[in-house]
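So you can see what is in the structure, the chains are spelled out below.
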Amino acid sequence: MLDFVQLEEDLDQEERMIRDTAREFVDEHVKPDIGDHFENGTFPKELIPKMGELGFYAPNLEGYGSPNVSETAYGLLMQELEAGDSGLRSMASVQGALVMYPIHAYGSEEQKEEWLPAMGRGEAIGCFGLTEPEHGSNPSAMETYAERDGDGYVLHGSKTWITNSPIADVAIVWARDRSAEDDSVRGFLVETDRDGITTNKITEKLSLRASITGEIGLNGVHVPEENVLPGVSGMKGPLSCLTQARYGIAWGAVGAARDCFEEARQYAIDRDQFGGPIGRFQLQQRKLAEMGTQITLAQLLAHRLAELKERGEMRPQHVSMSKRNNVRTARNQARIAREMLGGNGITTDYSPMRHMANMETVYTYEGTHDIHTLVLGEEFTGLQAYQ
Ligand code: FAD
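In this text, all values refer to a predicted model and were calculated from it rather than measured experimentally. (Residues numbered from 1 in each chain as written. Predicted model: local features only at pLDDT ≥ 70, side-chain atom pairs only at ≥ 80, totals over all residues.)

Caption draft 1: Here's a closer look at the site of the ligand. Among the 21 residues in the neighbourhood of the ligand, the closest are listed as Leu130, Gly136, Ser137, Thr368 and Asp370. Among the secondary structure elements, those contributing two or more residues to the shell around the ligand are strand E3 (126-129), strand E5 (152-163), helix H10 (352-364) and helix H11 (369-381). Within the shell around the ligand, the residues separate by chemical class into ten nonpolar, nine polar and two charged. Lining the shell around the ligand are residues from two domains, each supplying at least three of them: domain 2 (127-233) and domain 3 (236-381). (Near = placed C-beta within 6 Å. Helix = DSSP H or I, 4+ residues; strand = E, 2+ residues; numbered from the N terminus. Nonpolar A, V, L, I, M, F, W, Y, C, P; charged D, E, K, R; others polar. Domains from an automatic or database assignment.)

Here it is as structure tokens:
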């Protein structure tokens, strides 16, 4: 596996073990069928509890069954899962960083006890409802709202592009609280069997096909007061979750890119044209040289980001640069790898075109490439260019 600047040497035993466990899991349980799942637009749901058993959901959290592993270990886990498929890493990211993290950070003791151990084991599935049909890059303009209703709230609105909503047991719905003076955004834990909620599946996807995506319709859904996340109000709530998930994406994208590189390298050695392996041609070597370099740079950024996170010094802007750069790298390198595989490269028998298609989603969700560009633009000039 590509590790040109010997980053592996700095890993401790636990980090190696977690990486190896995830790599073996992907080799044994994901790689054999993932092409079929991608073609059929299905997610290998039977792996959800298995992933829980192996500790793949939010192992970087502390308590409630989570072992509090290092941020590097968590990153390596995301990297190996995404080397399998971005759909798999999305499952772990949503469950861990977007649902378990906010419950852990902002939830009541009862909410933590009810959801964290069950979600950690993969027995309960969560989803994160922020994006709306009319508000994607600017979620602070959300229209979904909550109104006081007896002992709780009633929710109205709709969310879309929600990973796992059709199979989720609970959704974290971000909505404006109309009973608050400032209309602040609050997080509501909404069980999906409540009256008035619908979670239709989105079926027309050409990217991230091995992942279930849906809508959340909220038509007067009553939730009790104790379903509100008590510890946060305002956009800080959802944005802080996104920082956690984007951290995982910055690592995960490296895994997808590395898988493309390894597939292309092997193909270049195995495939003969004009009387010998195509890997002997300088044009192909140049592609591998560039791919190997870009992936190594992305690995370095991910490892440094982990150090900053571990020290409590990681800022959202660091994450923006890393997500932006590493996903762009994966998107570009997947295309080059696909090219090196010739006609075979356009099939699901090989991974690069699947990763390439997936990267269109990864480039877009969790803050589009453009939005992260503007975050960095603001960081470097002090001037905001969003509006
Ligand atoms: P828009 O915001 O409409 O953007 C369209 C284009 O305009 C983009 O290229 C964008 O970069 C550009 N643009 C927008 N504003 C600016 C600006 N100020 N300056 C320059 N350019 C700009 N959301 C969730 O809440 N939960 C999930 O689990 C989830 N899962 C997803 C799964 C998939 C498969 C997909 C595709 C999306 C998912 N999303 C999820 C939604 C995702 O986060 C949004 O698609 C994303 O934030 C972009 O929003 P949008 O699609 O509305 O695009």
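Caption draft 2: Highlighting the nonpolar core. Counting 105 residues, the largest nonpolar core has Leu155, Val173, Phe188, Val190 and Ala257 as its most contacted members. If you tally residues by element for this core, the top one is helix H7 (residues 236-270), at 16 residues. (Core = buried A, V, L, I, M, F, W, Y, C linked by C-beta atoms within 7 Å. Buried ≥ 20, exposed ≤ 12 C-beta atoms within 10 Å, placed from the backbone.)

Caption draft 3: Spotlight on the UniProt feature "domain: Acyl-CoA dehydrogenase/oxidase N-terminal" (unreviewed entry) in the protein. The UniProt record marks residues 13-123 with the feature "domain: Acyl-CoA dehydrogenase/oxidase N-terminal" (unreviewed entry), using the residue numbering of this structure. The distance separating the terminal C-alpha atoms of residues 13-123 is 29 Å; by composition the span is 71% helix and 4% strand. (UniProt positions renumbered as here; feature names shortened; annotations may be inferred.)

Caption draft 4: Focus on H11. In this model H11 runs 18 Å from its N-terminal to its C-terminal C-alpha over 13 residues, within 8% of the 18 Å that 1.5 Å per residue would give. Positive phi appears at Gly382, one or two residues downstream of H11, with a value of about 80 degrees. (Expected span 1.5 Å × (residues − 1).)

Caption draft 5: Broad picture of the confidence of the model for the protein. Averaged over every residue, the pLDDT of the protein is 98; residues scoring 70 or more account for 100%. In the predicted complex, the global pTM is 0.98; the interface-specific ipTM is 0.99. (pLDDT = per-residue confidence, 0-100.)

Caption draft 6: Molecular detail of the pairing of strand E9 (residues 213-224). When E5 meets E9, the two strands line up antiparallel, connected through ten bridges. Bridge assignment links Ile162 to a residue of E9, and that residue is Gly214. In this sheet, E9 lies alongside strand E8 (residues 197-198) in antiparallel orientation, the contact comprising two bridges. Residue pairing across strands places Thr198 opposite Gly217, the latter belonging to E9. (Pairing = 2+ DSSP bridges.)

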